[in-house]
Structures are given as structure tokens and as C-alpha cells.
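One-letter residues, chain by chain:
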Amino acid sequence: MIFLSRKTILQSALEYGSDVLGLDATFNVSYYKNVCLFAIVGRSNGGAMPLGYFVSSSKGEVAVTKGLQMFIEEVHIALREGGSLTNDEVYHPQAFCIDKDEAEHAAIRNVFPGSTIILCHYHFMTLICNELKSLKYSLGSTSRKCAIDTVRRLSTATSDDEYHSALASLKNISSSFYNGYFAKNYLNERWKYAITEVNR
């Protein structure tokens, strides 16, 4: 396991990484095919702000946990040396945005138990669209489009009423999709708070 960053970049973690951090793995970007590169990304006015990377021969929970632990240790050293954090204070981002990776979810829960986990809207909608296009649920093109629009409405709901209304509509459009896929994959304890604005 290797952690890569610069102290000057880590010293900006409070400015660019206190709200939401992105965590994602990029594969097949190195000469060695069994090596995974993970990026930890904050947000700046110009867009994504890479705060650090870790390289591992595994993408499992233990490896991701170790990478995040290395990140937090180095952030604490950099922030304390820079005078932005006292020895009694800890750096803790409010949220992490990830794709639907179980190992990343579990690792974040281990290292940053108080952070909210947000499921990346792009990845979420891609999974939903691909599932609905698989033709498993005997939906015509109009019903498929309606289901996709309803999931999109659910994910952007800003009140409990909007959220539950969208859930009811989705179940009404296709109970087989709702029960056989959506509820099983997204309404469980791990992901139900990650998919929608009202729950966030």
C-alpha cells in the first residue's frame, strides 16, 4: 500500500475537503494490471481538487480502510504542522460521494463513522437505466421512461412527501422492478440514505 500526496495539498483539506469528499478507484491505468489507484477528491471553485491517492494490489475493504487511514493520518500531520488543527481536533469530512462499491462503503464506515455516504447520482442512474433496459420486467418503452423519470424524481426529492410519493409511483409502474430490484438493492440500511436528497 502506498499513499501519495503533497503536504501543501493536504494542508488545504479543511478548505477543499470539509464538506464532501469523493472516493473512487481507477483500474488499468498502470503497467501492472493487478494494481488499483484510488483517488480522494475534494471540491474547489474550479471543480475537483485531488487531495491524495493510494495504490494497492487489492480493492477489498481491508485495503480501502488502510488507504483511508493513511490519508487521515497524513492530513492530521499536515494540518497540525500548518497550524490549522490543534492536537485535540480531528479532521472529519461531512460526507463521501462514492459509486455503489460495498468495500468503499464499509471502509468509510470504519474510518469516518460520522460521515454521510452519498451515492453518486450518475452511477445510480446508470445502474437504474441499465437494469430497466435489460427487459426483465416486461415494460414497454413508455413505462421504462416513466420508471426512469420517477427514480430521478425520487433521487431529487427534498421532502418526505415527495420521496414517498415517488416510491409509491415507482411501485405502481412496476411492482416486479420495485420488489425484485429497487427495494432489494437501494432500500436496505446500507444505501437507503445515500440515494436521495431528503434522506441526505
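**Student:** I'd love a proper account of helix α4 (residues 102-111), names of residues and values included.
**Tutor:** The element α4 is extensively covered by neighbouring structure, given that 7 of its 10 residues are classed as buried. Burial in α4 covers these residues: Ala103, Glu104, His105, Ala106, Ala107, Ile108 and Val111. Taken together, the buried residues of α4 touch β2 (20-26), β3 (36-44), α3 (61-81), β5 (95-98) and β6 (116-119). Where α4 begins, the side chain of Asp101 points an oxygen toward the backbone nitrogen of Ala103, at a separation of 3.0 Å.

**Student:** Hey, could you go over the side chain of Ser115 for me, with residue numbers and the actual values?
**Tutor:** For Ser115, the position within the fold is in the loop between α4 and β6. Overall, the relative accessible area of 2% leaves Ser115 in the buried class.

**Student:** Can you explain the nonpolar core? Please cite residues and give values.
**Tutor:** One finds Leu23, Leu68, Phe71, Tyr91, Phe124, Ile128 and Phe182 to be the most contacted residues of the largest nonpolar core, which totals 53 residues. Top contributing element to this core by residue count: α3, with 8 residues. Ignoring anything within four residues of it in the chain, the contact list for Phe182 reads Phe124, Ile128, Val151, Leu154, Leu167, Leu170, Phe177, Leu187 and Ile195.

**Student:** Quick rundown of the layout of surface pockets? Include the residues and the values.
**Tutor:** Its volume calculated, the largest pocket comes out at about 230 Å³. The wall of the largest pocket is formed by 15 residues, among which Leu21, Gly22, Leu23, Val41 and Cys97 lie closest to the centre. Ranked by the residues each element gives to the lining of the largest pocket, the list is headed by β2, at 5 residues. Its residues assigned to classes, the lining of the largest pocket comprises 9 nonpolar, 3 polar and 3 charged.

Criteria and thresholds
- Residues numbered from 1 in each chain as written.
- Predicted model: local features only at pLDDT ≥ 70, side-chain atom pairs only at ≥ 80, totals over all residues.
- Heavy atoms only, no water.
- Buried < 20%, exposed > 50% of the residue type's maximum accessible area, 1.4 Å probe, protein only.
- Helix = DSSP H or I, 4+ residues; strand = E, 2+ residues; numbered from the N terminus.
- Contact = heavy atoms within 4.5 Å.
- Polar contact = N/O pair within 3.5 Å; in protein donor to acceptor, adjacent residues only side chain to side chain.
- Core = buried A, V, L, I, M, F, W, Y, C linked by side-chain atoms within 4.5 Å.
- 1 Å grid on protein atoms, 1.4 Å probe; cavity = no way out; pocket = protein on both sides within 12 Å on 5 of 7 lines; lining within 4 Å.
- Points joined across faces, edges and corners; volume = space filled by probe spheres on them.
- Nonpolar A, V, L, I, M, F, W, Y, C, P; charged D, E, K, R; others polar.

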